[in-house]
Amino acid sequence: PYGSAGNGTSTHLTQELISQLAGLRMQHIPYRGAGPAMTALIAGETDVLMDNLPTALPQIRAGTVVPLAVTSRERLPELPDVPALSEFGAEFNLG
C-alpha cells in the first residue's frame, strides 16, 4: 500500500499517475496531511509515500526514509544521488 496526504491531493494523484504508467496496482491509504502520512511510512504502515521535498527532505537526510526517485526532469541539487524518473525512460516531469 502507499500513503498520501489525502484523497485528491497532488501527491495522491501523482502516485496514481505513476502507478498507471508503470502498470502497477497499489492500494491507496489517505492520511490527514503529509505529517501523518510520513509517520505511517516510518512506522511501516505503508510501503511507499509520494511526498513533496520540503516535508520529505529532513527524513531523507536523517536516513529515516530512502528516496527512490524525484518527479522532476533532472536530478535535484538537494538530492544529487537520487535519480529522476526520466532516467528510467519515463516521460514524466512534475518538478
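You'll find the structure just up there.
Residues numbered from 1 in each chain as written. Predicted model: local features only at pLDDT ≥ 70, side-chain atom pairs only at ≥ 80, totals over all residues. Heavy atoms only, no water.

K.L.:
When you look at the overall build of the protein in this model, what are you seeing that I'm missing?
P.N.:
Scanning the protein from terminus to terminus reveals 3 helices and 3 strands. Sequence-ordered secondary structure for the protein, helices as α and strands as β, is β-α-β-α-β-α. Computed over C-alpha atoms, the radius of gyration of the protein comes to 13 Å, within 12% of the 12 Å expected from 2.2 N^0.38 for 95 residues, which places it in the range of a compact globule. For the protein, with 95 residues in total, the buried portion stands at 36%. Summed over its atoms, the accessible surface of the protein is roughly 5900 Å², and 53% of this surface lies on carbon and sulfur atoms. Each charge class in the protein can be summarised by its mean position, and for the 5 positive and 9 negative side chains these summaries are 4 Å apart. (Helix = DSSP H or I, 4+ residues; strand = E, 2+ residues; numbered from the N terminus. Rg over C-alpha atoms; globule rule 2.2 N^0.38 Å. Buried < 20%, exposed > 50% of the residue type's maximum accessible area, 1.4 Å probe, protein only. Areas by Shrake-Rupley, 256 points an atom, 1.4 Å probe, with all protein chains shown as cover. Lys, Arg positive; Asp, Glu negative; His and termini not counted. Charge placed at Lys NZ, Arg CZ, Asp CG, Glu CD.)

K.L.:
What is the right way to look at the nonpolar core in this model?
P.N.:
Generally speaking, a soluble globular protein has its nonpolar side chains buried in company with each other. In this structure, Met38, Leu41, Leu49, Ile60, Val65, Val70 and Leu79 are the most contacted members of the largest nonpolar core, which totals 14 residues. Discounting residues that sit within four places of it in the chain, Ile60 has contacts with Val65, Pro67 and Leu79. (Core = buried A, V, L, I, M, F, W, Y, C linked by side-chain atoms within 4.5 Å. Contact = heavy atoms within 4.5 Å.)

K.L.:
Sorry if this is basic, but what is going on with helix α3 (residues 53-62) here?
P.N.:
Of the residues making up α3, those classed as buried are Ala56, Leu57 and Ile60. Seen along its axis, α3 keeps its buried residues to an arc of 115 degrees; they face one direction. α3 presents Pro54 and Ala62 as exposed residues on the side facing more than 90 degrees away from its buried surface. In this structure, the buried side of α3 is in contact with α2 (34-43). Gly63 occupies a position one or two residues after α3 and carries a positive phi of about 80 degrees. (Arc of directions from axis to C-beta.)

K.L.:
For this particular structure, what's the right way to read the pattern of salt bridges?
P.N.:
It is possible for side chains bearing opposite charge to pair when their charged atoms get close. Scanning the model with the defined rule gives 1 salt bridge in all. A salt bridge links Arg75 to Glu87; its shortest N-O distance comes to 2.8 Å. Here Arg75, found in the segment after α3, pairs with Glu87, found in the segment after α3; they are 12 residues apart in sequence, far enough to count as distant. (Salt bridge = Lys/Arg side-chain N within 4 Å of Asp/Glu carboxyl O.)

K.L.:
Teacher, can you tell me more about the sheet that holds strand β1 (residues 2-4) here?
P.N.:
Sheet architecture is open: 3 strands sit in the order β2-β1-β3, paired in parallel fashion. Looking at which strands have only one partner, the edges of the open sheet turn out to be β2 (28-30) and β3 (48-49). Pairing between β1 and β3: 2 bridges, direction parallel. Among the inter-strand pairings, Gly3 is bridged to a residue of β3, identified as Leu49. Along the sheet, helix α1 (residues 10-22) makes contact with β1, β2 and β3, crossing β1 at roughly 150 degrees. (Pairing = 2+ DSSP bridges. Axes fitted to C-alpha atoms, helices over the stretch in contact; angles between N-to-C directions.)

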